[in-house]
Amino acid sequence: EAARLSGGAQLVGLSRDGFVVLADDTRLRVWLPATGAVRELPEKTLPEGAPATALAVNPDGRSFAVAAGGKVLLIDLNTGKTLKELGLPGGPAPN
């Protein structure tokens, strides 16, 4: 075992650079196992009341995609801001 992070995660995305993106309920965290550092992304990164259902880290290590609330969001890894948004077929209708 190289590293262990206490607490659970529903989804995990691994990067080639060695960091890990974790999703639990409606929160996203970035963990660097080499140093043990954990950084929480802003609360509003995911749509309110929409837990993440899928997660994948971009090979460039600068962003990741997460499915939540009938959408796929491309999120900047450093800021937690949404870069692009794609509605999924059969997803909730926009307000």
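Residues numbered from 1 in each chain as written. Predicted model: local features only at pLDDT ≥ 70, side-chain atom pairs only at ≥ 80, totals over all residues. Heavy atoms only, no water.

Trainee: Any details on the nonpolar core? Residues and values, ideally.
Mentor: By size, the foremost hydrophobic cluster in this structure holds 18 residues, and its most contacted members are V21, L28, L55, F64 and V66. The set of elements that each furnish at least two residues to this core consists of β2 (20–24), β3 (27–32), β5 (52–57), β6 (63–68) and β7 (71–76). Ignoring anything within four residues of it in the chain, the contact list for V66 reads L46, A52, A54, L55, K71, V72, L73 and I75. (Core = buried A, V, L, I, M, F, W, Y, C linked by side-chain atoms within 4.5 Å. Buried < 20%, exposed > 50% of the residue type's maximum accessible area, 1.4 Å probe, protein only. Helix = DSSP H or I, 4+ residues; strand = E, 2+ residues; numbered from the N terminus. Contact = heavy atoms within 4.5 Å.)

Trainee: Can you break down the sheet that holds strand β4 (residues 37–40) residue by residue, with the values?
Mentor: The strand order β1-β2-β3-β4 describes an open sheet built from four strands, whose pairing is antiparallel. At either end of the open sheet lies a strand with only one pairing partner, and these are β1 (11–14) and β4. Along the sheet, successive strands turn relative to each other by an average axial angle of 20 degrees, direction set aside. Bridge count for β1 against β2 is four bridges, and the pairing is antiparallel. Paired with V12 across the strands is L22, a residue of β2. (Pairing = 2+ DSSP bridges. Axes fitted to C-alpha atoms, helices over the stretch in contact; angles between N-to-C directions.)

Trainee: Can you tell me about the pattern of salt bridges, naming the residues and giving the values?
Mentor: Applying the stated criterion across every chain yields a total of six salt bridges. Put simply, R29 and D24 hold a salt bridge, and the shortest N to O gap is 3.5 Å. Classification of R29 by relative accessible area gives buried; the value is 11%. One salt-bridge network, in which partners are shared between bridges, spans R27, E40 and E43. (Salt bridge = Lys/Arg side-chain N within 4 Å of Asp/Glu carboxyl O.)

Trainee: For the pairing of β5, give the residues involved together with the corresponding values.
Mentor: Here β5 pairs with β6 via five bridges, running antiparallel. Bridging from a neighbouring strand, A56 pairs with A65 of β6. Linking two consecutive strands that pair antiparallel, namely β5 and β6, is a turn of five residues; a positive phi of about 75 degrees is found at G61 within it.

Trainee: Now, about the sheet that holds strand β8 (residues 82–87): what can you tell me, with residues and values included?
Mentor: One open sheet accounts for four strands, arranged β5-β6-β7-β8; its pairing is antiparallel. Either end of the sheet is taken by a strand with one partner, and the two such strands are β5 and β8. The mean angle between the axes of side-by-side strands here comes to 20 degrees, regardless of whether they run parallel or antiparallel.

Trainee: Residues and numbers for the environment of L28, please.
Mentor: If you trace the backbone, L28 turns up in strand β3. L28 has contacts with L22, A23, R39, E40, L41, T45, L46, L55, F64 and I75, leaving out every residue within four places of it along the chain.

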